[in-house]
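For reference, the chains in residue letters:
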Amino acid sequence: MFSLATDAAPGRPNEDFVIASADLAVVVDGAGIPFGGCHHGVAWYARQLGVRTMAALVASPDVPLVDGLAAGIAAVAALHVDTCDLTNPGTPCAAVGVLRVGPDRVDALALSDVSVVVDLDTGPEVTCDLSIEEISGTEPAAVAGMRFGTPEHANALAALVARQTATRNRPDGWWVAAADPAAAQYARTASYPIDALVRATVFSDGATRPVDQMEIYRWPEFLDLLEKLGPAGLIAHVRSLEAADPHGDSYPRTKRHDDASLAQLMLDKPLINRRS
Ligand SMILES: [Zn+2]
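Values in this document were obtained by computation on a predicted structure and should not be read as measured data.

## Points about the nonpolar core
When a protein is soluble and globular, its nonpolar side chains tend to lie buried together. Of all hydrophobic cores here, the largest spans 26 residues; its most connected members are Leu 49 and Val 98. For this core, the secondary-structure elements that each account for two or more residues are strand 3 (24–31), helix 1 (42–59), helix 2 (65–80), strand 4 (93–101) and strand 5 (105–111). Here Leu 49 is in contact with Val 28, Gly 72, Ile 73, Val 76, Ala 94, Val 96 and Ala 177, once residues within four sequence places are set aside.

Quick look at the structure:
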């Protein structure tokens with residue numbers, strides 16, 4: 001079973017989406033220009049992609065996760081190819097993380113900057129693709145140095161998003177789920193023996209900022225904190241860290257808040273192994 005939580009950045013619609021069955025979790029972090037070519041918007045895209053990817057992987061539990069994600073992307077594109085301009089560079093896109101627990105192994109997939117953290121008896125393994133940061137060069141750091149809410153910050157953030165939009169889903173750029181199912185082939189994947197599994201969780205990047213952007217915790221500590229606080233409690237802790245540093249003085253970051261979501265695997269061996 002999974003325990004889930006999702007929380008919108010204060011004052012904004014939630015562009016994250018999380019869905020799970022007993023042995024499969026999908027976390028989607030929607031992005032893109034709010035209505036770039038698509039009148040449905042980013043939140044709609046994130047919801048649809050989560051549901052359609054879940055449907056594909058539940059219907060065919062043995063297919064590679066990449067194939068399930070490709071089917072999900074194709075199904076969403078089919079929903080609005082006739083009403084929206086899916087060739088618009090601002091069309092909605094999303095980072096996707098998937099965790100699947102099988103009788104013998106656990107499978108992880110990350111397309112873009114969602115983190116699938118599988119803690120093994122040898123320590124945590126993180127599946128995540130940070131190509132978006134490499135392609136963005138020094139711009140995120142420049143944005144993070146500015147005060148939130150100022151015109152300078154808004155302009156720098158817009159320039160960063162424009163650069164990310166121009167380089168997305170290109171061989172020399174970074175890959176994310178959008179309208180072309182071929183993007184799924186660029187996801188990072190990993191599989192581990194079930195016997196080595198200690199715990200596992202899928203996080204959107206708004207939930208991992210205390211580890212990556214803020215560098216307050218290392219993964220083992222952060223996973224311990226999740227066990228103690230639970231998914232909603234951990235996100236509340238992220239919000240309290242952000243609120244205590246409202247201008248990013250202590251912890252420079254591109255945005256004060258971000259949508260935050262996670263799906264924590266609740267290890268219950270008899271239930272998880274029921275398919276075997
Ligand atoms: Zn649309």
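Text resumes after the structure shown.
## Comments concerning the sheet that holds strand 6 (residues 115–120)
Pairing is antiparallel in the open sheet, where five strands are placed in the order 1-10-9-6-7. This sheet does not close on itself; its edge strands, each paired only once, are strand 1 (2–7) and strand 7 (123–127). Taken over all neighbouring pairs, the strand axes of this sheet differ in orientation by 15° on average, direction set aside. By the bridge criterion, three bridges tie strand 9 (residues 197–203) to strand 10 (residues 260–265) in an arrangement that is antiparallel. Bridging across to strand 10, Val 202 finds its partner in Ala 263.

## Quick notes on the side chain of Thr 254
Along the chain, the position of Thr 254 falls in the loop between helix 7 (219–243) and strand 10. Judged by its relative accessible area of 13%, Thr 254 is buried. Ignoring sequence-local partners within four residues, the contact set of Thr 254 consists of Pro 140, Val 143, Ala 144, Phe 148, His 153, Leu 157, Leu 160 and Gln 213.

## Brief notes about the sheet that holds strand 3
Across the sheet, which stays open at both edges, the five strands sit in the order 2-3-4-5-8 with antiparallel pairing between neighbours. Every other strand in the sheet has two partners, leaving strand 2 (16–20) and strand 8 (188–193) as the edge strands with one partner each. Each neighbouring strand pair of the sheet contributes to a mean axis angle of 10°, computed without reference to strand direction. Here six bridges tie strand 4 to strand 5, and the two strands are oriented antiparallel to one another.

## Regarding unusual backbone geometry
You will see that Asn 169, though not glycine, has its phi angle at about 55°, which is positive. Mapping Asn 169 onto the fold places it in the loop between helix 5 (151–167) and strand 8. Phi at Glu 215 is positive, roughly 55°, even though this residue is not glycine. For Glu 215, the position within the fold is in the loop between helix 6 (205–208) and helix 7.

## Describing helix 5
Compared with an ideal rise of 1.5 Å per residue, which puts 17 residues at 24 Å, helix 5 spans 24 Å between its outermost C-alpha atoms and is within 8% of the ideal. By the burial criterion, the buried members of helix 5 are His 153, Ala 156, Leu 160, Gln 164, Thr 165 and Thr 167. Considering only its buried residues, helix 5 is in contact with helix 3 (131–135) and helix 4 (139–144). In the stretch just after helix 5, Asn 169 is the one whose phi turns positive, near 55°.

The rules behind these values
Residues numbered from 1 in each chain as written. Predicted model: local features only at pLDDT ≥ 70, side-chain atom pairs only at ≥ 80, totals over all residues. Heavy atoms only, no water. Core = buried A, V, L, I, M, F, W, Y, C linked by side-chain atoms within 4.5 Å. Buried < 20%, exposed > 50% of the residue type's maximum accessible area, 1.4 Å probe, protein only. Helix = DSSP H or I, 4+ residues; strand = E, 2+ residues; numbered from the N terminus. Contact = heavy atoms within 4.5 Å. Pairing = 2+ DSSP bridges. Axes fitted to C-alpha atoms, helices over the stretch in contact; angles between N-to-C directions. Expected span 1.5 Å × (residues − 1).

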